[in-house]
Every structure is written in structure tokens, then in C-alpha cells.
Amino acid sequence: SQRHIAESITLAQQAVSLGRAHGETRWVALALMQSALTRGLIGDETAPPEIDEAIALARRLEGPLPTAGVYIIVSFALGPSEPERALSVVREAISILGKAGTRDPGLWPIAGDIATRHGNRRDAIEFFAKAIDDLHWSGHRPLLGSVLGRTGDLLADDDPEAAAVLHGIGDAVAPGYVMAGRHVAKDRE
């Protein structure tokens, strides 16, 4: 995210190799997830084989947070190329966390992003509303500011005043921070 994308992908691939060499399923899944995320941030759609393997490995992990965490991040990476599948994977993460009675502040912003990409405005607004609550609760100001702005983007056609207020609050909470992705810039326009 700080213009070192190639290095990030290389390091993630090294982590995959190390994890495999040591038989560490969890670390392989997390490294594959990181590589897919990095590729997703730049719109590189070559990650699906990594995503398939990360999902398969995540199913074998113990505990809802590691499994759902992998699902959440890989769903983001799937968003540009396979929005239907991305929505299905993120809904599975929602189900896993719901059954466990736990939360992950990264879930709802990604779910909202995927719903937006999928053209499902109603779900996107619902997911972003949950994100605002969770991010405020966890104190994650940069992402909170971004989600406030993304929610404003969704409301701009129907309620431009509300959109302007949300954009202003989002910028006040996290000045200059915008979630990665060309689609976000397009929506903001």
C-alpha cells in the first residue's frame, strides 16, 4: 500500500515457501492471503489459484477468527474478477463469525466494498453501517474515515447533502485516507 507492491508479493511468496517447507498450514494460508490481498489492491487478477488454496487451507484451521480472516481478505481480492464468488465467500465469513459470537473490524468494510462492486447498494449500505459501528468501537480511524466516505458515495445520487456530510466527517476522521482501488476513486467522482 506504500508503493512497494512487487516487494510485498515477493515476500508473501517467500513466506508461502517457508510455510510449506516447515509444514505450517496456518502460515501458508496467511501468506497466500497476503499475496492475494496485495494483488487485489493493484487490480491484478492472477490471484485465483492462490485464493483457492488459501480457502482450502483456511477450512482446516482451528478457530473461527483465522478461518474467517482468510475468507474476508481473499473475498476482497476476488472482488474485481469474481464479484459473485467474493460475495459468497464474505457471506461465509459473516456466518462463521456470527456462529462464534465474535467480530472482526475488517469484515464489514470488505463486505460493503464487495456489495458495492456487485451493484447491491442496499447490502452495501447495511454492511457499511455495521462497519462504522465496529470501526468506531475498535478505534480504527483511517478505515472508519474511508467507510464514512464510501457510504457517502452510495448516498450521493439520492441525498447529496447527507453524502457531503459523510465525506466531510470521513475526511475529518482520517484526513487524506482513501481505501485502495480504482473503483473507489471512480465511485467518489
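All figures in this text were calculated on a predicted structure; none of them were measured in a lab.

### Considering the packing of helix α4 (residues 64-78) against helix α6 (residues 107-118)
Then, number 1: In contact at an axis separation of 10 Å, α4 and α6 are set at 25 degrees when each is read in the N-to-C sense. As summarised for this structure, α4 and α6 are arranged roughly parallel, according to the angle between their axes. Crossing angle aside, the handedness with which α4 passes α6 is left-handed. Each of I72, I73, S75 and F76 in α4 lies in contact with α6, whose residues at this interface are L107, I110, D113, I114 and R117.
Then, number 2: Partitioning the contact of α4 with α6 into residue classes produces 6 nonpolar, 1 polar and 2 charged.

### Side note on the pattern of salt bridges
Opposite charge on two side chains permits them to pair, given that their charged atoms come into close proximity.
Then, number 1: Per the stated rule, a full pass over the model turns up 11 salt bridges.
Then, number 2: Here R103 makes a salt bridge to D133, at a shortest N to O gap of 3.8 Å. Linking R103 in the loop between α5 (83-100) and α6 with D133 in helix α7 (residues 121-138), this pair joins segments that are 30 residues apart in sequence.
Then, number 3: Residue D158 pairs with R121 through a salt bridge whose shortest N-O separation is 2.7 Å. Separated by 37 residues along the polypeptide, D158 in the loop between α8 (141-155) and α9 (160-173) and R121 in helix α7 bring together distant segments of the chain.
Then, number 4: A relative accessible area of 58% places D158 in the exposed class.
Then, number 5: Beyond isolated ion pairs, a larger network of salt bridges with shared partners links D52, E82 and R85.

### Some thoughts on the nonpolar core
Where a protein is soluble and globular, its nonpolar side chains tend to be buried together.
Then, number 1: Of all hydrophobic cores here, the largest spans 48 residues; its most connected members are I51, V70, Y71, I72, V74 and L107.
Then, number 2: Residue assignment for this core shows that the elements contributing at least two residues are α2 (25-41), α3 (48-58), α4, α5, α6, α7, α8 and α9.
Then, number 3: The biggest single contributor to this core is α4, with 9 residues.
Then, number 4: In contact with L107, not counting residues within four places along its chain, are I72, V90, A93, I94 and L97.

### Topic: the confidence of the model for the protein chain
Then, number 1: When the pLDDT values of the protein chain are averaged, the result is 87; 96% of them are 70 or greater.
Then, number 2: Per-element confidence in the protein chain ranges from a low mean pLDDT of 74 for helix α10 (residues 182-188) to a high of 94 for α9.

### Examining the packing of α6 against α8
Then, number 1: Running from amino to carboxyl end, α6 crosses α8 at an angle of 25 degrees, the nearest separation of the two axes being 11 Å. In this view, α6 runs roughly parallel relative to α8, as classed from their interaxial angle. Here α6 runs over α8; the crossing is left-handed. Packed against α6, whose contacting residues are P109, D113 and T116, the element α8 presents L143, V147, R150 and L154 at the interface.
Then, number 2: Residues of the contact of α6 with α8, tallied by class, amount to 4 nonpolar, 1 polar and 2 charged.

### Observations concerning the side chain of D134
Then, number 1: Of note, D134 is situated in helix α7.
Then, number 2: Judged by its relative accessible area of 6%, D134 falls in the buried class.

Conventions we followed
Residues numbered from 1 in each chain as written. Predicted model: local features only at pLDDT ≥ 70, side-chain atom pairs only at ≥ 80, totals over all residues. Heavy atoms only, no water. Axes fitted to C-alpha atoms, helices over the stretch in contact; angles between N-to-C directions. Helix = DSSP H or I, 4+ residues; strand = E, 2+ residues; numbered from the N terminus. Parallel < 35°, antiparallel > 145°, perpendicular 65-115°, else oblique. Left-handed = near helix turned anticlockwise from the far one by under 90°. Contact = heavy atoms within 4.5 Å. Nonpolar A, V, L, I, M, F, W, Y, C, P; charged D, E, K, R; others polar. Salt bridge = Lys/Arg side-chain N within 4 Å of Asp/Glu carboxyl O. Buried < 20%, exposed > 50% of the residue type's maximum accessible area, 1.4 Å probe, protein only. Core = buried A, V, L, I, M, F, W, Y, C linked by side-chain atoms within 4.5 Å. pLDDT = per-residue confidence, 0-100.

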